[in-house]
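# Descriptive structure summary
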Amino acid sequence: MFDCTSAPSARRVAASTGFLDTGTGAPRPFLNIIRTMNTLARHSAALTLLTLAFLVFPGCTTTGGATGEIEPTVIEPERAPPAEQTAPVADEGSKQEEGEVPLAVAESEQPETAPKEVVVHGPRARHEAIHDFVAEAQILLRDVELQYVFTGKGKNQVLRGRPVAFALWSEATQDWSIAQIELPRPPIKWKPGGRPLPFRTLTPGIQAQHVKGTGAERLMFAFSRDGHPLKVYGRKFPVFDNTLIKHKQWGAVAQTAKPIVYLPFTEDTFDPAFVSTGKKFLVATAGQAIEELRRAQVPSAAFPGELLADVIPPQVITTLAVIEQTDDADYMDKQVLAFDDVLSQYGLKREEAFRYSVSSAKALGPMQFTNRKGNGTYALVVRRCPGAKLDPIFERGATNLLNAMKAAVCLLDLDLAGMKTDIRLAYRANPEVLGIFPVAAYNGGSRNVAKLYRVLTRMKVNLEELSPPGLQIAGSSVACPCVWKAEGTNARPLPIPKYNNENRWYIEKYQSIVRLFGSAADSALVQPSAGLSE
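The rules behind the values
Residues numbered from 1 in each chain as written. Predicted model: local features only at pLDDT ≥ 70, side-chain atom pairs only at ≥ 80, totals over all residues. Heavy atoms only, no water. Core = buried A, V, L, I, M, F, W, Y, C linked by side-chain atoms within 4.5 Å. Buried < 20%, exposed > 50% of the residue type's maximum accessible area, 1.4 Å probe, protein only. Helix = DSSP H or I, 4+ residues; strand = E, 2+ residues; numbered from the N terminus. Contact = heavy atoms within 4.5 Å. Pairing = 2+ DSSP bridges. Disulfide = S-S within 2.5 Å. Expected span 1.5 Å × (residues − 1).

In terms of nonpolar packing, the biggest core is built from 135 residues, with Phe223, Leu282, Met367, Phe369 and Phe437 touching the most fellow members. Tallying contributions element by element places helix H12 (residues 401-417) first for this core, with 11 residues. Setting aside residues no more than four positions away along its own chain, Phe223 makes contact with Phe166, Leu168, Ala179, Ile181, Ile206, Gln207, Ala208, His228, Pro229, Leu230 and Val232. Listed in part, the 5 residues of the second largest apolar core include Val478, Cys482, Trp484 and Ala491.

This is the structure in structure tokens:
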């Protein structure tokens, strides 16, 4: 991660050994100007993904330190508060309906270390320049005091809202500015496509529009000044102590808030290099997770006598790390470009990517595990897979990508252990394609596995006939989500009848991207186990 202790002089920037380096670990200096993204390059990246995934579907942070704010700025409320500003309707997608980040997650950041400084020499590639802008934005935001506003007096004093600061770069004037907005508190129930999110702009001269999201991971605004757009390269978001909120200790809520400096996805920070780097990073992390499970000799629950590391292909884990963070609506609208956006986050932020992702159901981290007061899925996996030596602390373990990937391997194996023998046999012979069953369980539990099995039976599709996605024949477009049935050397798409819409699209996303990360045959995971029993 990137931490700093002092603001740099012009054209000087702190070098990080954390998520800001997607390459060799070398520091990334700051570049004063960045050009508009080359859209052709992005289209090229999309075509590459399309080729790799064999897809042609025409129908189908860091904190500011442990001390947080030294002393929150208290501003007297206006006698006539400004009208709440609204924005265009955001994209649809369940990921935008975010939950509250647990304070323990913000508190689990690594200790702050003093960064090194480097001087810029010569021009930089676009993705390197983006690194530099993000680094500079983090430095600028570190010492920004969030503007906490209280209303009322004495025992009736209440914290009015949640302030959020943004670091903005102007291409027109070649300078930085900081803008603060205030979100409603308590958080309102906002959904894409519904009423616009109300907010206040606390910085004069800045125009703001809500783009999407509500929480620490995805909240994003668009800004302008004097008619000129401002690019967002950093954001400071406070995480509150819910216990203090329940006791209405508003002064303590502001004083103990843990600010996190974090950057949601923006077009300004997209680059095809991040997509490629993100893919490589996920592959390497999944490979490390599998290797650690292999060295620990963790046994499989689904296939007795075999190692867990030989049962779950690493590409299934990398795929989950992407589709868990991909909105259904984004995927339906943009197809593989929606995956690009997620992969670019992994490429830019690496271990920090999706650390603060909290669903409305309180699923946490890149792999979206739940806790439920110590009795959720994560706690179950920790108990049932002791050999993996998973971090027992939910907030820490679920937000650590490597640990969460190992937990995901354990969960997929446990889910497989509860499935019918014919599903397990078919899966063992073809884990990539039959991965739709453990993936369905990962998303919605054993009920969805049973429903998917019954649906395939009604469709008269044998498990052995399931195939990777192929090419739809021109003029015979089929509306997806689909499964693919092998017919000779070809494969035919068959629409999945409705049983659970979220699960159907989850399976569709899985099939659309899994081959991007390689073939199961490459991992030699094609030997069925003997002696399976109900």
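From this point, the narrative continues.
On to the environment of Gly387, then. Note that Gly387 resides in the loop between helix H10 (377-384) and helix H11 (394-397). Residue classification places Gly387 among the partly exposed positions, given a relative accessible area of 29%. Apart from the residues within four sequence positions on either side, Gly387 is in contact with Ala296 and Val298.

Below, the discussion takes up the pairing of strand S11 (residues 220-225). Two strands pair when backbone bridges link them, and strand S10 (residues 207-212) and S11 are joined in this way by 5 bridges, in the antiparallel orientation. When the bridges of S11 are listed, Lys212 appears paired with Met220. Pairing analysis gives 3 bridges linking S11 to strand S12 (residues 228-239), with the strands arranged antiparallel. Paired with Ser224 across the two strands is Pro229, which belongs to S12.

Glancing now at the pairing of strand S16 (residues 490-495). Taken together, the 6 bridges between strand S15 (residues 482-487) and S16 define a ladder with antiparallel strand orientation. Looking at S16, one finds that Trp484 is bridged to Pro493. Hairpin geometry of S15 and S16 is characterised by an intervening segment of 2 residues between the two adjacent antiparallel strands and by a positive phi of about 70° at Gly488.

On to the state of the cysteines. What makes a disulfide is a covalent bond joining the sulfur atoms belonging to two cysteines. According to the stated counting rule, one finds 2 disulfides in the structure shown. In this model Cys480 forms its disulfide with Cys482; the gap between the sulfur atoms is 2.1 Å. Judged by the sign of its S-S torsion, about -100°, the cystine formed by Cys480 and Cys482 is left-handed. Classification of Cys482 as buried rests on a relative accessible area of 0%.

What follows is about helix H3 (residues 126-142). For H3, with 17 residues, the first-to-last C-alpha span of 24 Å sits near the 24 Å given by 1.5 Å per residue. Here H3 lies mainly inside the structure; 15 of its 17 residues are buried.

With that out of the way, let us pick up the environment of Val322. Among the structural elements, Val322 can be located in helix H7 (residues 314-323). Accessibility expressed as a relative area gives 0% for Val322, which makes it buried. Considered as a pair, Val322 and Leu282 are 40 residues apart in the sequence and their alpha carbons are 9.1 Å apart. Among all residues touching Val322, those that are not within four sequence positions of it are Leu282, Phe339, Val342, Leu343, Ile513 and Phe517.

Quick look at the sheet that holds S16 now. Sheet architecture is open: 3 strands sit in the order S14-S15-S16, paired in antiparallel fashion. Pairing within the sheet leaves two strands with one partner each, and these edge strands are strand S14 (466-467) and S16.

Attention shifts here to unusual backbone geometry. For residues besides glycine, phi is generally negative; the peptide bonds are generally trans as well. For the bond from Arg185 to Pro186, the omega torsion is 5°, close enough to zero to count as cis. Locating Pro186 in the fold gives a position in the loop between strand S8 (175-184) and strand S9 (200-201). Of note, the amide linkage connecting Cys480 to Pro481 takes the cis form, showing an omega dihedral of 25°. The backbone of Gln174 sits at a positive phi, close to 55°, despite the residue not being glycine. Assignment of secondary structure puts Gln174 in the loop between strand S7 (161-170) and S8. Looking at Gln174, the relative accessible area reads 33%, which means it is partly exposed. A positive phi angle, close to 55°, is found at Lys248, a residue other than glycine. Here Lys248 shows up in the loop between helix H4 (242-246) and helix H5 (250-256). Residue classification places Lys248 among the exposed positions, given a relative accessible area of 61%.

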